[in-house]
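Architecture at a glance
Chain residues, written in single-letter form:
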Amino acid sequence: MTSYKWIESRTPDALAADATALFNAEFGTAPTGVWAAPGRVNVIGEHVDYAGGVCIPFALPLQIAAAVTPREDTKVVAASQKTDGTVARAEVDLKDIRPGGDIGWLGYVAGTVWAAHESGALENLTGLNIALVSDVPLGSGLSSSAALECSVAVAAYELDHGQGPDDAARHQLADAAMRAENDIVGASTGGLDQTASLFGAEGKALVIDFDSHTHRLVNFDIADQDLVLLIADTNAPHELNDGQYASRRGVIDDVQNALGSLRHLSEEQIAAWAHENGKDATLYAKRTGHVLHETARTLQAADALEAGDFDTFRRFMADSHASLRDDLEVTTPELDSAAEAAGTLGARMTGGGFGGAVIALIAKARVGDTVAAIASAAEEKGFAEPTFYIATPGDGARRLV
Ligand code: ADP
Ligand code: MG
């Protein structure tokens, strides 16, 4: 019998113990505390967070734990344990952080602390010693970057204020994490990941509206329906800051800079503007069409979810994939292969695209067949071997110890 690879996740206790052990090994003392933040899966509403759209993600039980102690100076010293057991260690002085300066992965960590101080979410500019352990696969569209930012953000907040962040403070931290990613790392992401990582709750999905800047929690009772959400990581890694994501976003931003949020525009208005301004009308219609249709679809998907109508919800997921493939053109052969192998309903790529993962909302009884179909399609085409995970909605960023 063929065996398949599954993504492993530790319990919060095990994650906290491992982060504490790493902190001890790296810094020679016990940490003040351990905080954790989850990766997320976006169920529907893709590439619309930067265009006033709507998305429905949930926080995953896959998390990053940060064991942290404040420092006397303003340095951030971070050690991160890689999956092979080796440790990457880097440091930067918060006073030296500038937009545009390249400090690698430390940009997510120290950049968030810096941005939270700039916005007033953190009162004191305090250095930190940080030990990080992670169960979130890197660059798979499950947002290891937001898990990294948000674990450090809630730690820094509590160490600064003496208590954990309330909802208002979580909004400030989400903004700071997004700014770190946009201005320090140079990845143009739109806020979906950080909101999901900070506000997720067990058993719930979030419906996030990027026009009104509000979100609500909705029951994601798939177990009652004998459904599961299967994630298949294609293991064809993506790089959001390699220009492709920015080029898709560039078209959207071009229109929005001239006409305002896409949420309040029609296809006709955009076509007329593109024509008057000498733009490639076909390209602009496809790219913006994805955003307009995906937002309308996701609003309807939210209604279907609240009504417990998963057949309709799953149809919208399949439509979302087709739109990302044909109109926004952010899928890859690996993503299309996995989505097709998973079936015609409930399967779509998730995350920014250009690699990463596919999700399939399917009957529990179909998991074995679906995993086999996705894996053998990848093998036949000579693609990397996918890894699998059954996702359930978990809690947002919080203190563990
Ligand atoms: P995703 O968020 O979908 O996983 P991104 O490209 O946005 O993909 O973020 C991945 C990047 O985040 C990595 O290349 C690395 O720089 C950083 N990162 C994520 N997790 C860790 C970690 N545990 N330790 C160090 N850096 C990390
Ligand atoms: Mg990311």
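Residues numbered from 1 in each chain as written. Chains lettered and ligands numbered in written order. Predicted model: local features only at pLDDT ≥ 70, side-chain atom pairs only at ≥ 80, totals over all residues. Heavy atoms only, no water.

Selection criterion: UniProt positions are given in the numbering used here, feature names are shortened, and annotations may be inferred rather than shown by experiment.
Under an unreviewed UniProt entry, the name given to the protein chain is Galactokinase, and the source organism is Corynebacterium phoceense. Under the Sequence similarities (unreviewed entry) heading, UniProt states for the protein chain: "Belongs to the GHMP kinase family. GalK subfamily."

**Overview of the packing of aromatic side chains**
Filter applied, for reference: Under the pairing criterion, centres of Phe, Tyr and Trp rings, with the six-membered ring standing for Trp, must be within 6.5 Å; the plane angle then separates stacked pairs below 30 degrees from edge-to-face pairs above 60, leaving the rest tilted. The way it works is that DSSP assigns letters per residue, a run of H or I at least four long becomes a helix, a run of E at least two long becomes a strand, and they are numbered from the N terminus. The classification of residues rests on relative accessible area computed with a 1.4 Å probe and restricted to protein chains. Under 20% of the type maximum is buried, over 50% is exposed, and intermediate values are partly exposed.
The tally for this structure, following the rule as stated, stands at nine aromatic pairs. With a centroid separation of 6.0 Å and an interplanar angle of 70°, the aromatic rings of Tyr50 and Tyr245 are classed as edge-to-face. Taken together, the residues Tyr50 in the loop between strand E2 (33-44) and strand E3 (54-70) and Tyr245 in helix H6 (residues 244-259) connect sequence positions 195 residues apart. Neither residue differs from the other here; Tyr50 and Tyr245 are each classed as buried.

**Quick notes on the UniProt feature "domain: GHMP kinase C-terminal" (unreviewed entry) in the protein chain**
In the numbering used here, UniProt assigns the feature "domain: GHMP kinase C-terminal" (unreviewed entry) to residues 302-373. Between the first and last C-alpha atoms of residues 302-373 the distance is 29 Å; the span itself is 54% helix and 15% strand.

**Quick notes on unusual backbone geometry**
Positive phi values are uncommon outside glycine, yet Asp226 reaches one of about 60°. The residue Asp226 is located in the loop between strand E8 (214-219) and strand E9 (227-233) in this model. One non-glycine residue with positive phi stands out, namely Phe354, at about 60°. Here Phe354 is to be found in the loop between strand E10 (347-350) and strand E11 (357-363). Phe354 sits in the buried class, given a relative accessible area of 16%.

**Let's talk about helix H4 (residues 167-185)**
Quick reminder of the rule: Each helix should span, by expectation, one fewer than its residue count multiplied by 1.5 Å. Each polar contact in these results corresponds to two N or O atoms within 3.5 Å; when the atoms are within protein, one needs to be able to donate a hydrogen and the other to accept it, and residues that are neighboring in sequence are counted only if both atoms are side-chain atoms.
For H4, with 19 residues, the first-to-last C-alpha span of 26 Å sits near the 27 Å given by 1.5 Å per residue. Every buried residue of H4 is listed here: Ala169, Arg170, Leu173, Ala174, Ala176, Ala177, Ala180, Glu181, Ile184 and Val185. Two or three places before Ala168, at the opening of H4, Asp166 has a side-chain oxygen 3.3 Å from that residue's backbone nitrogen.

**A word on the site of ligand 1**
Here is the rule we go by: The cutoff for a nearby residue is simple: one of its non-hydrogen atoms must lie within 4 Å of the molecule or strand. Polar here means any residue outside two lists: the nonpolar Ala, Val, Leu, Ile, Met, Phe, Trp, Tyr, Cys and Pro, and the charged Asp, Glu, Lys and Arg; Gly therefore counts as polar.
As a structural note, the neighbourhood of ligand 1 is formed by 17 residues, with Ser80, Gly139, Gly141, Ser144 and Ser145 the closest of them. Between Ser143 and ligand 1, the recorded distance is 3.3 Å, taken from a backbone N or O atom to an oxygen atom. Ser145 places a polar side-chain atom, nitrogen or oxygen, 2.9 Å from an oxygen atom of ligand 1. Among the residues forming the shell around ligand 1, the class breakdown is seven nonpolar, nine polar and one charged.

**Focus: the domain arrangement of the protein chain**
For the record, the criterion: Segmentation into domains, and thus their bounds, comes from an automatic or database assignment. Whether two residues are in contact is decided by their heavy atoms, any of which lying within 4.5 Å being enough. Once two parts are brought into contact, the accessible area they lose, counted with a 1.4 Å probe and summed over both, makes up the buried area. In the sections that follow, a salt bridge refers to a side-chain nitrogen of Lys or Arg positioned within 4 Å of a carboxyl oxygen of Asp or Glu.
For the protein chain, the assigned domains are domain 1 (5-219) and domain 2 (223-391). The centre of domain 1, based on its C-alpha atoms, is set 25 Å off from the matching centre of domain 2. With 43 residues of domain 1 at the contact, the number on the domain 2 side is 52 residues. Roughly 3700 Å² is buried in total at the junction of domain 1 and domain 2, and carbon and sulfur atoms are behind 63% of that figure. Among the ionic pairs, Glu306 bridges to Arg216, the shortest N-O distance being 2.4 Å. Inspection of the domain 1/domain 2 interface yields 21 residue pairs in polar contact (both at pLDDT 80 or more). Among the secondary structure elements, those contributing two or more residues to the side of domain 1 that touches domain 2 are strand E1 (5-6), E2, E3, strand E7 (204-209) and E8. With seven residues, E3 is the single largest residue contributor to the side of domain 1 that touches domain 2. Classifying every residue of the side of domain 1 that touches domain 2 by side-chain character gives 22 nonpolar, 14 polar and seven charged.

**Remarks on the pattern of salt bridges**
If the charged atoms of two oppositely charged side chains come close together, the side chains can form a pair. Using the criterion set out here, one finds 19 salt bridges in the structure. Of the charged contacts in the structure, one is a salt bridge between Asp18 and Arg10, with a shortest N-O distance of 2.8 Å. When the shortest N-O distance is used, the salt bridge between Lys279 and Asp254 registers 3.0 Å. Residue Lys279 is found in the loop between helix H7 (267-276) and helix H8 (281-306), and its partner Asp254 is found in helix H6; the two are separated by 25 residues along the sequence. Given the relative accessible area of 28%, Lys279 is considered partly exposed. Taking relative accessible area as the criterion, Asp254 reaches 23% and is therefore assigned partly exposed. Each of Arg10, Asp18 and Asp135 takes part in one network of salt bridges that share partners.

**Quick word on the sheet that holds E10**
We count it as follows: For two strands to pair, DSSP has to find at least two bridges joining them. All axes are obtained by fitting lines to C-alpha atoms, using only the stretch in contact for helices, and the reported angles, taken between N-to-C directions, cover 0 to 180 degrees.
Pairing is mixed across the open sheet formed by five strands, whose spatial order is E1-E12-E9-E11-E10. Both edges of this open sheet fall to E1 and E10, since each of them pairs with a single strand only. Sheet topology note: the E9/strand E12 (residues 387-391) ladder contains five bridges and is antiparallel. Its bridge partner being in E12, Leu229 is matched across the sheet by Ala391. Helix H11 (residues 367-380) contacts E1, E9, E11 and E12 of the sheet and is inclined by roughly 20° relative to E9.

**Here's the deal with empty space enclosed by the protein**
Let me state the cut-off plainly: As defined here, a cavity is a set of points on a 1 Å grid over the protein atoms alone where a 1.4 Å probe fits but cannot get out. A pocket is an open set with protein on both sides within 12 Å along at least five of seven lines, and residues line them when an atom is within 4 Å of a point. Grid points are joined across faces, edges and corners, and a volume is the space filled by probe spheres set on the points.
Enumeration according to the criterion identifies one cavity of 30 Å³ or more in this entry. Its boundaries defined by the atoms lining it, the largest cavity holds a volume of some 60 Å³. Thr234, Glu334, Ser337, Ala338, Ile374, Ala378, Phe383, Ala384 and Pro386 together form the lining of the largest cavity. Of all the secondary structure elements, the ones that give two or more residues to the lining of the largest cavity are helix H10 (333-342) and H11. Considering every element that reaches the lining of the largest cavity, the biggest residue donor is H10, with three residues. In terms of residue class, the lining of the largest cavity is built from six nonpolar, two polar and one charged.

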